[in-house]
Amino acid sequence: MASVAAANATSSNWVKPQLNRSKKQPNISCSLQTPSILHRPKQSPSYPPSTTTTTVTPIIKCPKKDTAPAQEWNLLQRIAALALDSMESALFTYESKRPLPKTADPRVQLEGNFAPVPETPVQRRLPVTGKIPECIQGVYVRNGANPLHEPVAGHHLFDGDGMVHAVQFDNGSVSYACRLTQTNRLVQERALGRPVFPKSIGELHGHSGIARLLLFQARGAFGLVDPSRGSGVANAGVVYFNGRLLAMSEDDLPYQVRITPSGDLETVGRYDFDGQLNYSMIAHPKVDPVSGEFFSLSYDVIRKPYLKYFRVSPDGKKSPDVEIELDQPTMMHDFAITENFVVIPDQQVVFKLEEMLRGGSPVVYNENKMARYGILNKNATDASGIQWIDVPDCFCFHLWNAWEEPETDEVVVIGCCMTPADSIFNECQEGLKSVLSEIRLNLKTGKSTRRPIIAESEQVNLEAGMVNRNLLGRKTRYAYLALVEPWPRVSGFVKVDLTTGEVRKYIYGEQRYGGEPLFFPNPNSDKEDDGYILAFVHDEKTWESELQIINTTTFKLEATVKLPSRVPYGFHGTFITSKDLQKQV
C-alpha cells in the first residue's frame, strides 16, 4: 500500500482528519452530505484515504495567533491583533459546543478524495496505456477547491482555495501540473499561516457568522488584512478568452493563470479586462463560438442593482453595464446564450442576510417566489426589452445550452432541475434529484413548458457536463453529463440524445469515480457527436488517479494517462488547443 501512503500526504500546512471505517452503508440523503454528525472532537486526528462511506465527527481546531512578521505591524496593530485573536478564541469556544450541519462540516466536505493535495510542479513523459488520438493537441485544464489551510470552523466544499490541474498533450507525449491560484485571499492567509477571510458558505451562518464578519472588518480597519484587492477563491470555472486563461468564482474578479512553455502554471493576477470591470462576475461566462464574444452576469447580495449583464468583444472591449431590476438578491450561478439572446434564470434560491440574525443561513429557498426566466437581446444597452416568463418550481444550478426555434416562437433551454433546490447549501432530509429537463419559453404567449428528457424508468441524477461547445447557443442533439450516483460521487458519464431521450452510460468501474466530463470535438469531423471525453478518474481502492480518454461514438476507452499524484474531485474545465495556446498573452 505504498501508493496509498504516498497519496495520503498533503500540504504540510495541515493534517487531514481521520475517518472511522464502518461496514454499514448509511443513507445519504442530499448533495455534499454524509451521515449524521456527532460532537466535535477535542483534538483533530489525521485520516487515511476513505474507501467506504462512514460516520464522522466534525474536525475543528483552535485558530492559531496571527503569525505575520511582527516588524510589519506597529504597536497599535499588535494590540489590536491580540484583542481580535482573543475574541476569535472566545467565538471558537462558543462554536465548539454546537454541532455543525453536514453542509458545513469539514469532516464531511473534505472526506476521502474531496481532501486537498499539495501543488505538483510539471511532470513530463507520463505513462500512457493505449493511443492518444492525434487530434488532441493542447492543454486540458480543470479547476477545483483545494483549501491551503485546515478549516478552523465551518467549511463547505465550495469554500476551498482554487487549484488548477493541467494536462498537456504534445504529439503523444503527456505532462501534468497542478498549482494553487495565487488569489489575494490565499497570499495573505499564507503569510498569516492560517485562514482569516470568512468562508461565504461554511462559516456565515447565524450569529457566529455575523461575529466573523465583524472580526474580519475590524482586522481590515486596523490594516491586519487587506480585503480591497478581492476576497474570492477562484475555484469554480475556467474559460480561455482573448489569449487568457481565466479562473473564476462568483465572489471576485477572475484571475488570469498562464500556462508556461514547460506546461507549468503561474498566476498572473486579478484580471479586470484592462480596467473595464470593477466588480465580481459569475463563474460561468459564455463565449459565442461564432462571434467570439464573451458574455457574463454579475450579482450583488447587498445593494441594488442586484444583477448586471455585460459583454466583451473578441478584442477585449467591454460594453456598458445593463442593470437588471430584481426585487431581491438571487443566486445566479449560471445562464445561457442563443444566437440572439441571453437567457437569465431568476429562481427561488435567494440571499436573505437577515436570516443570519435569526440564527440561519443567508442562502435560502423562497417558496413564495415564482421562478422565471428572462430573455434579453444580446446587444441590449438597457433592460427595458427583457421579457420574463414564469417557470414554476424550477431550479437549475447549471444550464447546458439554449437555442431559438423561430417556427414556434420559442427559446429552448436545457438544464438539470434540482430538488430540493437549496440542498447543496442547507442540510435537509429529502433525497436530492437532479433531472435533465427541456424548458420551452414561448416568446409569443409568454408561457413556459417543462419536461424531463429521460424516461422515468431510466431517470438518473445528472449534473456537471456540457454540449459540443462549437454549437453553444445553437440547437444541439447531444449532451455529456456526469452520472452523480451515489451522490455526490460521479460513477461515470452519460451521452444523452436530447431529441429521443436515449441514454448511453460509461461507468468508470468499482470504487472508481470522476467529475465533469469534458467533450473534445474531433476537429476533422463535422458530426456533432464525433469526439472524445476527457475525464479525471480516481480509484478509491488503490488511491491513484488517471486521465481517461473515451471515444464518444464507439464508447471505447482510447487511452489512459497515469497521473503522478492524486487529483481531488473538482469542478469545471476547458481545453485549450495548441493553436489557441500560441496566442496566449
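Here we summarise the structure given alongside this text.

Cut-offs applied
Residues numbered from 1 in each chain as written. Predicted model: local features only at pLDDT ≥ 70, side-chain atom pairs only at ≥ 80, totals over all residues. Heavy atoms only, no water. Pairing = 2+ DSSP bridges. Helix = DSSP H or I, 4+ residues; strand = E, 2+ residues; numbered from the N terminus. Axes fitted to C-alpha atoms, helices over the stretch in contact; angles between N-to-C directions. Buried < 20%, exposed > 50% of the residue type's maximum accessible area, 1.4 Å probe, protein only. Expected span 1.5 Å × (residues − 1). Arc of directions from axis to C-beta. Contact = heavy atoms within 4.5 Å. Polar contact = N/O pair within 3.5 Å; in protein donor to acceptor, adjacent residues only side chain to side chain. Salt bridge = Lys/Arg side-chain N within 4 Å of Asp/Glu carboxyl O. Phe/Tyr/Trp six-rings, centres within 6.5 Å; stacked < 30°, edge-to-face > 60°.

**Quick look at the sheet that holds strand S5 (residues 173–180)**
Thought 1: One open sheet holds the 5 strands; their spatial order is S1-S5-S4-S3-S33, and the pairing between them is antiparallel. On the outer flanks of this sheet lie strand S1 (120–123) and strand S33 (573–577), each paired with one strand and no other. Mean inter-strand twist for the sheet, computed between neighbouring axes without regard to direction, equals 15°.
Thought 2: Sheet topology places S1 next to S5; 2 bridges connect them, and they run antiparallel. Note that in S5 the partner of Gln123 across the bridge is Tyr176.

**Comments concerning the pairing of strand S7 (residues 244–248)**
Thought 1: The element S7 is largely enclosed, with a buried count of 5 among its 5 residues.
Thought 2: Burial along S7 is two-sided: the residues Arg244, Leu246 and Met248 and Leu245 and Ala247 are all buried.
Thought 3: Joining the antiparallel neighbours strand S6 (residues 237–241) and S7 is a turn of 2 residues, in which Asn242 adopts a positive phi near 55°.
Thought 4: Bridge count between S7 and strand S8 (residues 255–259): 3 bridges; the pairing is antiparallel. Bridge pairing links Leu245 to Val257 in S8.
Thought 5: The hairpin formed by S7 and S8 contains 6 residues between the paired strands.

**A look at helix H2 (residues 75–95)**
Thought 1: Here H2 is 21 residues long and its end C-alpha atoms lie 30 Å apart, about the 30 Å a rise of 1.5 Å per residue gives.
Thought 2: Within H2, burial applies to Gln77, Ala80, Ala81, Leu84, Asp85, Glu88, Leu91, Phe92 and Glu95. With its buried residues spanning 135° around the axis, H2 presents them on a single face. Those residues of H2 that are exposed and angled more than 90 degrees off the buried face are Leu75, Leu82 and Met87.
Thought 3: Next to the buried residues of H2 lie helix H5 (206–221).
Thought 4: Sitting at the head of H2, Asn74 places a side-chain oxygen 3.1 Å from the backbone nitrogen of Leu76.

**So, the pattern of salt bridges**
Thought 1: Following the criterion strictly, the structure yields 29 salt bridges and no others.
Thought 2: Two residues, Lys286 and Asp334, come together in a salt bridge whose shortest N-O distance is 2.9 Å. Residue Lys286 is found in strand S10 (residues 286–287), and its partner Asp334 is found in the loop between strand S13 (322–324) and strand S14 (336–337); the two are separated by 48 residues along the sequence. Here Lys286 matches Asp334 in class, with each residue buried.
Thought 3: Connected through salt bridges with shared partners, the residues Glu405, Glu410, Glu438, Arg440, Arg451 and Lys475 form a single ionic network.

**Some thoughts on the side chain of Arg440**
Thought 1: Within the secondary structure, Arg440 is located in strand S22 (residues 433–442).
Thought 2: Within polar-contact distance, the side chain of Arg440 engages the side chain of Glu438 at 3.0 Å.
Thought 3: If we skip the residues at most four places from it in the chain, Arg440 touches Glu405, Thr408, Glu410, Val411, Val412, Lys447, Ser448 and Thr449.

**Quick notes on the sheet that holds S10**
Thought 1: One open sheet holds the 4 strands; their spatial order is S10-S11-S12-S13, and the pairing between them is antiparallel. Only two strands of the sheet have a single neighbouring strand rather than two, namely S10 and S13.
Thought 2: Both strand S11 (residues 294–299) and strand S12 (residues 307–312) contribute to a ladder of 6 bridges, which runs antiparallel. From the neighbouring strand, Ser298 faces S12, where its bridge partner is Lys308.

**Points about the environment of Ser208**
Thought 1: Assignment of secondary structure puts Ser208 in helix H5.
Thought 2: Judged by relative accessible area, Ser208 falls into the buried class, the value being 14%.
Thought 3: Sequence-distant contacts of Ser208, that is, excluding residues within four places in its chain, are made with Leu91, Tyr94 and Glu95.

**What about the packing of aromatic side chains?**
Aromatic rings considered in pairs are described by the distance between their centres and by the relative angle of their planes.
Thought 1: Inspection of the entire model under this criterion finds 17 aromatic pairs.
Thought 2: Seen from their ring centres, Tyr506 and Phe555 are 6.5 Å apart, and the 65° between their planes marks the pair as edge-to-face. Remark: Phe555 occurs in the loop between strand S31 (544–551) and strand S32 (557–562) and Tyr506 occurs in strand S27 (residues 503–507); sequence separation between them is 49 residues. The residues Tyr506 and Phe555 share a single accessibility class, namely buried.

Geometry only, nothing functional implied.
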